[in-house]
Every structure is written in structure tokens, then in C-alpha cells.
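# Architecture at a glance
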Amino acid sequence: MKFWDREKEKKWLKRYLLTEPNAILFVYGPKSSGKTALLMEVIKELADQDEFLKGYDVYWYDLRGIVVSSYEDVLNIFFEDAESEALKEVEREFGIGIPNVATFRVKRKVMEEIKRKEVDAFRYMERKIASKGKKGIIVFDELQKLKDIYLNGGSQRPLVKELFNFFVRLTKVLHLSHVIVMTSDTFFIEQVYTDSTLKNTTRFYLVDFFDDETARDILISEGFTESDASYIVDRIGGVPWIMEEIIESKDYEKALVELHNQTSSRIFESIRGREDLKNILRKALSGENLYYLEEGYDKVEELVEKEILFMDPIGREVKFHTRLDEIAAKELLGVE
Ligand SMILES: Nc1ncnc2c1ncn2[C@@H]1O[C@H](COP(=O)(O)OP(=O)(O)OP(=O)(O)O)[C@@H](O)[C@H]1O
Ligand SMILES: [Mg+2]
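Residues numbered from 1 in each chain as written. Chains lettered and ligands numbered in written order. Predicted model: local features only at pLDDT ≥ 70, side-chain atom pairs only at ≥ 80, totals over all residues.

## Re the site of ligand 1
- Close to ligand 1 lie 17 residues, the nearest being Gly34, Thr36, Ala37, Ser184 and Pro240.
- Sorting the residues of the shell around ligand 1 by element identifies α2 (35–47) and α13 (240–248) as the ones contributing at least two each.
- By residue number, the principal contributor to the shell around ligand 1 is α2, which donates three residues.
- For the shell around ligand 1, the residue count by class is five nonpolar, six polar and six charged. (Near = placed C-beta within 6 Å. Helix = DSSP H or I, 4+ residues; strand = E, 2+ residues; numbered from the N terminus. Nonpolar A, V, L, I, M, F, W, Y, C, P; charged D, E, K, R; others polar.)

Right under this line is the structure:
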């Protein structure tokens, strides 16, 4: 599979990973902006260097769709059963899964002790990493469900606190491992960003869609003429998966119309009979930065949840999720 550009982001991330772990890194950005693809590419390119393999172990946890609501759930994510016949079989047939990704394998007896809390899971992992003499890079792709626990607090709050404390220990305190959390959920990012107990322990890195110039260059490199590339980017912006669809379509004009109609129907459904939401979109179209909206901000949040708008809590702005959304909203609301 090909990977486009991201030179600037790759450089930043590589440099970040090769310096001493000192904070939890939150990689955030709009849905499908290319966060996962970027980080995988960075790890892959780094893993081509022997020096990197000697110095680092990468632990990658894809949490999409996984519900994390108890201590046991967290343990099941972190630890693999060293005696599992299923895992052994998969390993025999397919090798050890994603190349260069390490796991915490534990014997069942140890797992029992951990589950009974006779052994502290986090201390155990900390020692495992330390004993390897390599730095860790722990990646969580989509910590989605954690947000619910985080926001709703209640009895689960200590678990999240414990987990974040562990991350802080691994990074800022012991400098043993990087911890990278990827998410498109910017309400979660906002929550973490404004949590005073996490002050000075976190960093944030935005992975946005390609800018227009880069998107045009990519399309040209894929065989489009300069004027076709400009025409397309003016309509879809730099959304990687949409660019892929256009490239793969036999008739890009037709594909553009389909994409526009799809977006238009989706937004129409969302704002039908909702003057409040329409007003917010009109404001967005007039160029107002809705991040600072005093009244009716809950409507902005509703549009962010529907992925029509995107809110960046670090850059402090609200904008349209994609150019397709902006163009469709303009048309639906009859804005020139
Ligand atoms: N630099 C790139 N070059 C080529 N394809 C890319 C690139 N970045 C992303 N893509 C493609 O775009 C799609 C979305 O990318 P990806 O899943 O990495 O986004 P994401 O930001 O992780 O999304 P989500 O918010 O859902 O986690 C994928 O099909 C991916 O292959
Ligand atoms: Mg992703």
C-alpha cells in the first residue's frame, strides 16, 4: 500500500520518539485524517533502522470497538496469555502478528495473581519494560471508551486515574517509555487538556487532512493534470480516503457528484427542521470562529458529534469537518 507525503509530520514524530520520554503524547485530528496510517508508517520506517530496533520495543494496542470499563478489561488489553493454544496456533501459522510489535506475555498463574491484585499490574509492566533495557513505545489507537469512564467519573474514575498515573510514571517520572494516545474524539482531548492534574504531563499533536497544495501535488503524482487536480481539490480538500476514491474511480466527475450528494443528504438529515443548527452553520460559513461562541455552544457540540464540524481544543477553533461538508452546507442553506 502506498503512503503519501506527511514529511513534516513524520519528521516531527520521529524526532519526538527518539528523544527521552517525558510526557504522554495525544495525537488527535478529525476522523479519518490519517493518524493511524501516519503512526504506522513512522514506526515502520524507524524499524528499518537497526539502531532503533536495538533501543526500542513497540507495543501497539488497537482499542477500536473495545469496551474498557473495569480493571480486568484493562488487564486483558495489556497482557496476552502466554499459554493460550489459540495464540500459539496463530503464531505457528502466521508468525508473531504485526512485525516488530512486542506484547506482554504472562503465564496464567501470574495473571491470576495480577487479577487478585496480589501483584500490581502497572508495577509489573513497568519492571518488565525496565528489565528489557530498551525504551518502550506504547501506542493506544482510539482510547474511545476510556472517555466515557473519564467523563462520567463515578466509581470508575479511580481506574482511569490509575492508568493515567501509570502513563505519567512511565514518561515524565521514569522516562522508561513513550505513551501515545490516538483519537479523533476532541471532547476527550479537551477534557484531558483542561484537567489541571495532568498539567505538564501531556503534549498534543494535531494530524489534520492534507492542505490543498499537498493534496494537489499528490493528485498530480497520481497522474492528474494540474487543472484537474486543482478542480478536484477545490471540491474535496485533502481527505486521504476521498482522494483515493477519486483516483480509483473511472469517472472522477461522476465520483465527485456522488460524494457531494452523499454529504448533502447526510447534512440535510441532520439539520432538517432545526433552525438552531442551521444558524450555527450560517455562522460557520460567515467565517466566525465558533470556538468562542458564548450562547448555544451545545449546538456546536451537536454538529461536531455529527462530524459536520470539527473542534480543535488546542488550536482553539471550530471549522467544517471537510470541504465537502462546507460546500454542501453552503448549498443547503442558500449561502453565496
Ligand atoms: N498518508 C497517506 N497516504 C495514503 N493513504 C492514507 C494516508 N493517510 C491516510 N490514508 C488512508 O486514509 C484512510 C483513513 O486513514 P486512517 O485510518 O489512518 O485515519 P485515522 O485518522 O486514523 O482515522 P480514525 O479517526 O477513524 O481513527 C485509510 O484508508 C488510510 O489508508
Ligand atoms: Mg485511526
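## Side note on the environment of arginine 15
- With respect to the helices, strands and loops of the structure, arginine 15 is situated in helix α1 (residues 7–18).
- Between the C-alpha atom of arginine 15 and that of valine 74, which follows or precedes it by 59 residues, the distance is 30 Å.

## Observations regarding the sheet that holds strand β7 (residues 202–206)
- In spatial order, the strands read β2-β5-β6-β1-β7; together these five strands make up an open sheet with parallel pairing. Each edge of the open sheet is held by one strand with a lone partner, namely β2 (56–62) and β7. Across the sheet, the axes of successive neighbouring strands diverge by a mean angle of 20°, strand direction being ignored.
- Here strand β1 (residues 24–28) pairs with β7 via five bridges, running parallel. Paired with valine 27 across the strands is tyrosine 205, a residue of β7. (Pairing = 2+ DSSP bridges. Axes fitted to C-alpha atoms, helices over the stretch in contact; angles between N-to-C directions.)

## Comments concerning the pairing of strand β5 (residues 135–141)
- Extensive coverage of β5 is indicated by the burial of six of its seven residues.
- By the bridge criterion, seven bridges tie β2 to β5 in an arrangement that is parallel. Bridge pairing links tryptophan 60 to valine 139 in β5.
- Across six bridges, the pairing between β5 and strand β6 (residues 177–183) is parallel. Residue pairing for β6: isoleucine 138 is matched across the bridge by valine 179. (Buried ≥ 20, exposed ≤ 12 C-beta atoms within 10 Å, placed from the backbone.)

## Describing the domain arrangement of the chain
- Under the domain assignment, the chain is made up of domain 1 (7–206) and domain 2 (212–332).
- A C-alpha centroid distance of 32 Å is found between domain 1 and domain 2.
- Taken together, the ten residues of domain 1 in the interface contact eleven residues of domain 2.
- For the side of domain 1 that touches domain 2, the secondary-structure elements that each account for two or more residues are α10 (186–193) and β7.
- Tallying contributions element by element places α10 first for the side of domain 1 that touches domain 2, with four residues.
- Residue classes in the side of domain 1 that touches domain 2 are distributed as five nonpolar, three polar and two charged. (Domains from an automatic or database assignment. Contact = placed C-beta atoms within 7 Å.)

## A look at the nonpolar core
- Ranked by internal contacts, the top residues of the largest apolar core, which has 42 residues, are Phe26, Val27, Leu39, Val139, Val179, Ile180 and Val181.
- The biggest single contributor to this core is helix α9 (residues 157–173), with six residues.
- Core analysis: the next-biggest nonpolar cluster, separate from the first, contains 33 residues, Val239, Ile246, Leu290 and Ala329 among them. (Core = buried A, V, L, I, M, F, W, Y, C linked by C-beta atoms within 7 Å.)

## Quick word on the pairing of β1
- With five of five residues buried, β1 is to be regarded as a mostly interior element.
- Neither face of β1 is open: one carries Ile24, Phe26 and Tyr28, the other Leu25 and Val27, and all of them are buried.
- With five bridges connecting them, β1 and β6 associate as parallel partners. In the strand pairing of β6, leucine 25 is matched with isoleucine 180.

## Re unusual backbone geometry
- Not every positive phi belongs to a glycine, and arginine 6 is a case in point at roughly 60°.
- Along the chain, arginine 6 turns up in the segment before α1.
- Taking the C-beta count within 10 Å as the criterion, arginine 6 has 19 such neighbours and is therefore assigned partly exposed.
- The phi dihedral of glutamate 307 falls on the positive side, at around 60°, and the residue is not glycine.
- On the secondary structure map, glutamate 307 appears in the loop between α16 (297–305) and β8 (309–312).
- Note on glutamate 307: 16 C-beta atoms within 10 Å, which makes it partly exposed.

## Examining the packing of helix α11 (residues 212–221) against helix α12 (residues 226–236)
- Contact geometry for α11 and α12: axes closest at 9 Å, N-to-C directions at 135°. Overall, the two elements α11 and α12 adopt an arrangement that is oblique. When the axes of α11 and α12 are compared, the crossing they make is right-handed. Residue-level contacts link Asp212, Ala215, Arg216, Leu219 and Ile220 of α11 to Glu226, Ala229, Ser230, Ile232 and Val233 of α12.
- Residues of the contact of α11 with α12, tallied by class, amount to six nonpolar, one polar and three charged. (Parallel < 35°, antiparallel > 145°, perpendicular 65-115°, else oblique. Left-handed = near helix turned anticlockwise from the far one by under 90°.)

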